[in-house]
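Residue-level structure breakdown
Take a look at the letters that make up each chain.
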Amino acid sequence: LIHCMDMVWKSIKVAEESVKEELLDQVVAQTEEWSATYGGEYAYLAMAAFALSIDDSAQCWSSVTNIQNTILEGQENYLFESEDTKLLCLSMIAARLSRTADARVTGLIDSIEQSLLEHSRQT
């Protein structure tokens, strides 16, 4: 999945500058639509994998933020079927954000840690 999303990003990367942001928005919108139509977990994985592929340019940052917000909303609304998938998605987003570490990374890491603690209490 990560390789596939990397190929999607590479296709966008070679597009004309005037359409790159629109293409990024289309990928994010499509995965959000998949989430609503087919169940969130797989779309969240696709979004997180795509976020790992996107470069650090300012033009791309709003897409990364949209992906992060969508995954966090899924977590807050208990839309993940599997705790493992939720933690994988959060970890991928944290890994992406760690390139430009800020308070959001710390927040995600705290969230992952809390989820792991809750999961270990349940088992």
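Everything in this summary refers to the structure shown in the same document. (Residues numbered from 1 in each chain as written. Predicted model: local features only at pLDDT ≥ 70, side-chain atom pairs only at ≥ 80, totals over all residues. Heavy atoms only, no water.)

When you go through the protein chain residue by residue, the secondary structure sums to 6 helices and 0 strands. Along the protein chain, from the amino end to the carboxyl end, the secondary structure elements read α-α-α-α-α-α. Expected size for 123 residues packed as a compact globule is a radius of gyration near 14 Å; at 14 Å, the protein chain falls within 12% of this value. In terms of its C-alpha atoms, the protein chain occupies a principal-axis envelope of roughly 50 × 35 × 20 Å. Out of the 123 residues belonging to the protein chain, those deemed buried represent 40%. Intrachain contacts of the protein chain at a sequence separation of at least 6 include 64% that bridge at least 24 residues. Averaging the coordinates of the 8 positive side-chain charges in the protein chain and doing the same for the 20 negative ones gives two points 7 Å apart. (Helix = DSSP H or I, 4+ residues; strand = E, 2+ residues; numbered from the N terminus. Rg over C-alpha atoms; globule rule 2.2 N^0.38 Å. Buried < 20%, exposed > 50% of the residue type's maximum accessible area, 1.4 Å probe, protein only. Contact = heavy atoms within 4.5 Å. Lys, Arg positive; Asp, Glu negative; His and termini not counted. Charge placed at Lys NZ, Arg CZ, Asp CG, Glu CD.)

Further remarks concern the side chain of S53. Structurally, S53 is set in helix α3 (residues 40-53). According to the relative accessible area criterion, S53 is buried, its value standing at 12%. Within the structure, the side chain of S53 is placed 3.4 Å from the backbone nitrogen of D6, a separation counted as a polar contact. At 3.3 Å, the side chain of S53 forms a polar contact with the backbone oxygen of A49. Apart from the residues lying within four places of it in its own chain, the contact partners of S53 are I2, M5, D6, W9 and R99. (Polar contact = N/O pair within 3.5 Å; in protein donor to acceptor, adjacent residues only side chain to side chain.)

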